[in-house]
Amino acid sequence: QLQLVESGGGLVQPGGSLSLSCTASGFTLDWYTIAWFRQAPGKDREGVSCISNIDGTVRYAHSVEGRFVISRHNAENTVRLQMNSLKPEDTGVYYCAAASGIVRTCLSPSAYNRWGQGTQVTVSS
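Procedures and definitions
Residues numbered from 1 in each chain as written. Predicted model: local features only at pLDDT ≥ 70, side-chain atom pairs only at ≥ 80, totals over all residues. Heavy atoms only, no water. Disulfide = S-S within 2.5 Å. Helix = DSSP H or I, 4+ residues; strand = E, 2+ residues; numbered from the N terminus. Buried < 20%, exposed > 50% of the residue type's maximum accessible area, 1.4 Å probe, protein only. Pairing = 2+ DSSP bridges. Axes fitted to C-alpha atoms, helices over the stretch in contact; angles between N-to-C directions. Phe/Tyr/Trp six-rings, centres within 6.5 Å; stacked < 30°, edge-to-face > 60°.

Turning our attention to the state of the cysteines. With the rule as written, the count across this model stands at 2 disulfides. Linked covalently through their sulfurs, cysteine 22 and cysteine 96 form a disulfide whose S-S length is 2.2 Å. Its torsion about the S-S bond being 70°, the disulfide of cysteine 22 and cysteine 96 is classed as right-handed. Of this pair, cysteine 22 sits in strand E3 (residues 18-25) while cysteine 96 is found in strand E9 (residues 92-99), placing the two residues 74 residues apart along the sequence. When sorted by exposure, cysteine 22 lands in the same class as cysteine 96, which is buried. Put simply, cysteine 50 and cysteine 106 are joined by a disulfide, and their sulfur atoms are 1.8 Å apart.

This is how it looks when you write it as structure tokens:
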């Protein structure tokens with residue numbers, strides 16, 4: 001029973017903030033590289049942020065750098081994505097994903113084989 005579950009999505013006004021959580025059951029997230037992806041209607045899934053399983057290195061898409069922060073909370077077996085200064089173009093379904101071993105391209109969906117069900121984020125006035 002290995003699962004990833006996202007939570008924290010919702011409706012927020014432009015300029016507002018949301019915090020998303022990715023919580024694992026059946027395995028320990030600390031052993032995995034974790035990434036957040038998002039998919040807007042009619043568009044491809046894109047990488048948002050990732051955090052390494054080796055040294056904690058984080059990466060961000062250029063579109064969110066300076067606004068989003070990814071972090072581990074190992075006591076809760078959770079990875080969080082703090083999203084600030086939200087824009088309408090941030091709207092989409094947000095997914096978390098996990099990969100073991102060495103991940104060279106951590107913002108590529110093909111690197112991951114464990115996915116959550118997604119949580120909707122809508123940024124609108």
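Text resumes after the structure shown.
The strand order E1-E3-E8-E7 describes an open sheet built from 4 strands, whose pairing is antiparallel. Edge strands, defined here as strands with exactly one partner in the open sheet, are strand E1 (3-7) and strand E7 (68-73). Taken pair by pair, the neighbouring strands of this sheet meet at an average axis angle of 15°, ignoring direction. Note that E7 and strand E8 (residues 78-83) share 6 bridges and pair antiparallel. Bridge assignment links phenylalanine 68 to a residue of E8, and that residue is methionine 83.

Taken as a whole, this structure holds 4 aromatic pairs when the rule is applied. Ring centres of phenylalanine 37 and tyrosine 112 lie 5.5 Å apart, and the angle between their planes is 75°; on these two criteria the pair is classed as edge-to-face. One end of the pair, phenylalanine 37, is in strand E4 (residues 33-39); the other, tyrosine 112, is in the loop between E9 and strand E10 (114-115), and 75 residues separate them in sequence. Taken as a pair, phenylalanine 37 and tyrosine 112 share a single burial class, namely buried. With 5.0 Å between their ring centres and 45° between their planes, phenylalanine 37 and tryptophan 115 make a pair best called tilted. Of this pair, phenylalanine 37 sits in strand E4 while tryptophan 115 sits in strand E10, and the two are 78 residues apart along the sequence.

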